[in-house]
Amino acid sequence: MSKKAKESKKDLYYMKNGQAKNKTIIEEKERKKKEKEREKRIKEKKQETLKDEFDLETETVLQMTNRNRIKKEEEKRKQLSKEQRRRKKRNKRIKTILKIIIFLGIISGGIVFALNFKKMQINKANKLIEQTQYSEAVKVLEKYKDDDDVKKLYDDAAYMASDEGQFLTAFAKGLMQRWELNLSTVDSNDSATYIADMQKLINAELNEISKYRDVTFSDDTFNQKAHDYINDLDKQMDSLNYYTTDYNKYANEWSDAYGDRSLIISYFLNNYPVKIDDKYADIKNELSTVAKSTEESKVLEKDINSMINTESFELVEDSYGYKTYKKNITNTTKYTFEYFGLNVQCLDDSKNIIDQEYTDQIKSFAPGQTATLEFTTDKSPSSFNVEAEYSIKGE
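Quick notes on the rules
- Residues numbered from 1 in each chain as written.
- Predicted model: local features only at pLDDT ≥ 70, side-chain atom pairs only at ≥ 80, totals over all residues.
- Heavy atoms only, no water.
- Helix = DSSP H or I, 4+ residues; strand = E, 2+ residues; numbered from the N terminus.
- Buried < 20%, exposed > 50% of the residue type's maximum accessible area, 1.4 Å probe, protein only.
- Contact = heavy atoms within 4.5 Å.
- Areas by Shrake-Rupley, 256 points an atom, 1.4 Å probe, with all protein chains shown as cover.
- Expected span 1.5 Å × (residues − 1).
- Axes fitted to C-alpha atoms, helices over the stretch in contact; angles between N-to-C directions.
- Parallel < 35°, antiparallel > 145°, perpendicular 65-115°, else oblique.
- Left-handed = near helix turned anticlockwise from the far one by under 90°.
- Polar contact = N/O pair within 3.5 Å; in protein donor to acceptor, adjacent residues only side chain to side chain.
- Patch = residues over 30% accessible without salt bridge, like charges linked within 9 Å, V, L, I, M, F, W, Y side chains within 5 Å.
- Salt bridge = Lys/Arg side-chain N within 4 Å of Asp/Glu carboxyl O.
- Phe/Tyr/Trp six-rings, centres within 6.5 Å; stacked < 30°, edge-to-face > 60°.
- Pairing = 2+ DSSP bridges.

Quick word on the overall build of the protein chain
Part 1 of the reasoning: Of regular secondary structure, the protein chain possesses eight helices and seven strands.
Part 2 of the reasoning: In the protein chain, which comprises 395 residues, the share counted as buried stands at 27%.
Part 3 of the reasoning: Within the protein chain, contacts between residues separated by at least 24 positions form 67% of all contacts whose residues are at least 6 apart in sequence.
Part 4 of the reasoning: Of the roughly 27500 Å² of accessible surface on the protein chain, 50% is carried by carbon and sulfur atoms.

Quick look at helix H8 (residues 281–309)
Part 1 of the reasoning: Helix length check: H8, at 29 residues, gives a terminal C-alpha distance of 42 Å against a target of 42 Å (1.5 Å per residue), a fit within 8%.
Part 2 of the reasoning: Inspection of H8 places Ile 283, Leu 287, Ala 291, Thr 294, Leu 300, Ile 304, Met 307 and Ile 308 among the buried residues, and these make up the whole buried set.

A closer look at the packing of helix H6 (residues 220–239) against helix H7 (residues 247–271)
Part 1 of the reasoning: Put simply, H6 and H7 touch, their axes get as near as 9 Å, and they point 150° apart. Relative to H7, the element H6 lies roughly antiparallel. Here H6 and H7 pass one another in a crossing that is left-handed. Listed contacts from H7 to Thr 221, Phe 222, Lys 225, Ala 226, Asp 228, Tyr 229, Asp 232, Leu 233, Lys 235, Gln 236 and Ser 239 of H6 are Tyr 250, Glu 253, Trp 254, Ala 257, Tyr 258, Asp 260, Arg 261, Ile 264, Ile 265, Tyr 267 and Phe 268.

Let's talk about H6
Part 1 of the reasoning: Look at H6: 28 Å from first C-alpha to last across 20 residues, which is about the 28 Å you get at 1.5 Å a residue.
Part 2 of the reasoning: Buried within H6 are the following residues: Phe 222, Asn 223, Ala 226, His 227, Tyr 229, Ile 230, Asp 232, Leu 233, Gln 236, Met 237 and Ser 239.
Part 3 of the reasoning: Among the residues of H6, the N-terminal cap falls to Asp 219, whose side-chain oxygen and the backbone nitrogen of Thr 221 are separated by 3.1 Å.

Re a nonpolar patch on the surface
Part 1 of the reasoning: The grouping of Ile 94, Ile 97, Leu 98, Ile 101 and Ile 102 at the surface amounts to a nonpolar patch, some 460 Å² of accessible area in total.
Part 2 of the reasoning: With respect to the helices, strands and loops of the structure, Leu 98 is situated in helix H1 (residues 3–130).

As for the packing of aromatic side chains
Part 1 of the reasoning: Tallying each qualifying case throughout the model produces 31 aromatic pairs.
Part 2 of the reasoning: Centre to centre, the rings of Phe 268 and Tyr 272 are 5.8 Å apart; their planes meet at 65°, and the pair counts as edge-to-face.
Part 3 of the reasoning: Between the aromatic rings of Phe 375 and Phe 384, the centroid separation amounts to 5.8 Å while the plane-to-plane angle is 80°, which identifies the pairing as edge-to-face.
Part 4 of the reasoning: Relative accessible area serves as the criterion here: at 3%, Phe 375 is assigned to the buried category.
Part 5 of the reasoning: Residue Phe 384 is classed as partly exposed on the basis of its relative accessible area, which comes to 23%.

A closer look at the sheet that holds strand E1 (residues 314–319)
Two strands in a sheet stick together by hydrogen bonds in their backbones, pointing the same way (parallel) or opposite ways (antiparallel).
Part 1 of the reasoning: Spatially, the three strands line up as an open sheet ordered E1-E2-E6, and their pairing is antiparallel. Looking at the sheet topology across the chains shown, the edges are occupied by E1 and strand E6 (370–377). If you compare each strand with its neighbour and ignore which way they point, the axes differ by 20° on average.
Part 2 of the reasoning: Sheet analysis places strand E2 (residues 322–330) next to E6, joined by eight bridges and oriented antiparallel. The partner of Tyr 325 across the bridge, within E6, is Phe 375.

Points about the side chain of Ser 266
Part 1 of the reasoning: With respect to the element layout, Ser 266 can be found in helix H7.
Part 2 of the reasoning: Assessed through its relative accessible area of 15%, Ser 266 is described here as buried.
Part 3 of the reasoning: Apart from residues lying up to four places away in sequence, Ser 266 is in contact with Leu 287, Ser 288 and Ala 291.

Describing unusual backbone geometry
Part 1 of the reasoning: For Tyr 320, which is not a glycine, the phi torsion comes out positive at approximately 55°.
Part 2 of the reasoning: With respect to the secondary-structure elements, Tyr 320 resides in the loop between E1 and E2.
Part 3 of the reasoning: Classification of Tyr 320 by relative accessible area gives exposed; the value is 80%.

Any functional reading would require information beyond the geometric quantities listed.
And the structure:
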């Protein structure tokens, strides 16, 4: 074998042994590599396990922490909610109290305003009444007419706004105008001047109340007295026509009308809300005295007419063309008469006066006494008109 073949064979041997050795080495390397990889995987798995355990623990801790936090937050929320509810409830209570206070304030303010407004309206009405603007006062008081403290004021104003009330207002105004003129009028001895002055006094009243001549008032007594008063003014005016021609007739008619006026004036002043200024108090007192005297005179006149007309004259003797008549009379008055007799008019069937005679007079004719009066005539009367002639003792 050649050296070259030997060397090739040797190289082939070494090549085979080397490959085997290399294979072993490679396998060993592979085994070690796999061992390392396995260890690495084990290590990684342990690490992963540890990590998972850590994560689990961490998560558990976190969860516990979160639960504690959530619990605390919940407790805090509950505490806060409880406090909020308490605060809200307190605020609500405060708001309710404030609302009640405001409501009561509004009510109180409304009541105070209403009371003050009512008081202002009453004051306004009183001023209107003072100015005799009764219809306007009624309008102001209309809203309060049923209130106890307003009812009388309203009723009085409503009455004074009626026809009767308007007459009384005019009546009072006319009276005061007449009295004012009377106080400022100077007495005159000149007949024309006196008559002119008296006419002014009468017209001061007629200018105010003559417009009520044709008015019929609802109250019969009021109606009668109102028209009687206007008639009495007319009578005084008419009486002045006789001042220079028949003074006695003037004086009687004027005096009669004055007496009747004084009675009516007193009636209205005593029974109705007639407003007269205090400055005329003396005139009112004088009229009151005249009215009292006139009333007594009228009562006496009525009693005397009853006395002298209760029984008819009786024919007690008829001889020699003369007839004697007599009648019994009882003093039913409260007065004692200084003397008392009758003026007798003898009338025929047509009520014409055919004779006028006088009876004898009774002296000191006291209350309750009965006396006989008689007269004689040469006529044959069918009836009689009688009129008393007397003087009251002590007057």
